[in-house]
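# Observations on the three-dimensional arrangement
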Amino acid sequence: MLSIKKLFERYEGIMLRIAPCWLATPSAVSSIFPLKRNIFDYIIFDEASQSRVAQSLAALYRGKKIVIIGDEKQ
């Protein structure tokens, strides 16, 4: 049985057509998706003040556009 990471590596195009929207933490993004620029149209961070910048950069790199949502502390 293949892990999600291996499935994504082998079948990236098919995986993105089947599931164009993914919900993942920044650390999960780093462990599942290859470090390729613009894999996703949007990267959305909700509750951004609870994320560490260093962990979030790799996730941000994978998106064409970035949306950061939160209150005035974020």
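Structure's up top.
We now turn to the structure provided with this report. Only a predicted model underlies this, so the values are computations on that prediction, with no experimental measurement involved.

Cut-offs applied
Residues numbered from 1 in each chain as written. Predicted model: local features only at pLDDT ≥ 70, side-chain atom pairs only at ≥ 80, totals over all residues. Heavy atoms only, no water. Salt bridge = Lys/Arg side-chain N within 4 Å of Asp/Glu carboxyl O. Helix = DSSP H or I, 4+ residues; strand = E, 2+ residues; numbered from the N terminus. Buried < 20%, exposed > 50% of the residue type's maximum accessible area, 1.4 Å probe, protein only.

## Comments concerning the pattern of salt bridges
Using the criterion set out here, one finds three salt bridges in the structure. Ionic pairing is found between K6 and E9, a salt bridge with its closest N-O pair at 3.8 Å. Here the residue K6 and the residue E9 both occupy positions in helix α1 (residues 4–10), the gap between them amounting to three residues, near one helical turn. Under the relative-accessibility criterion, E9 is labelled partly exposed at 43%. The residue E12 makes a salt bridge to K36 at a minimum N-O spacing of 2.9 Å. With E12 in helix α2 (residues 12–18) and K36 in the loop between α3 (26–32) and β1 (40–46), this residue pair connects regions lying 24 residues apart in the sequence. For K36, a relative accessible area of 39% puts it in the partly exposed group.

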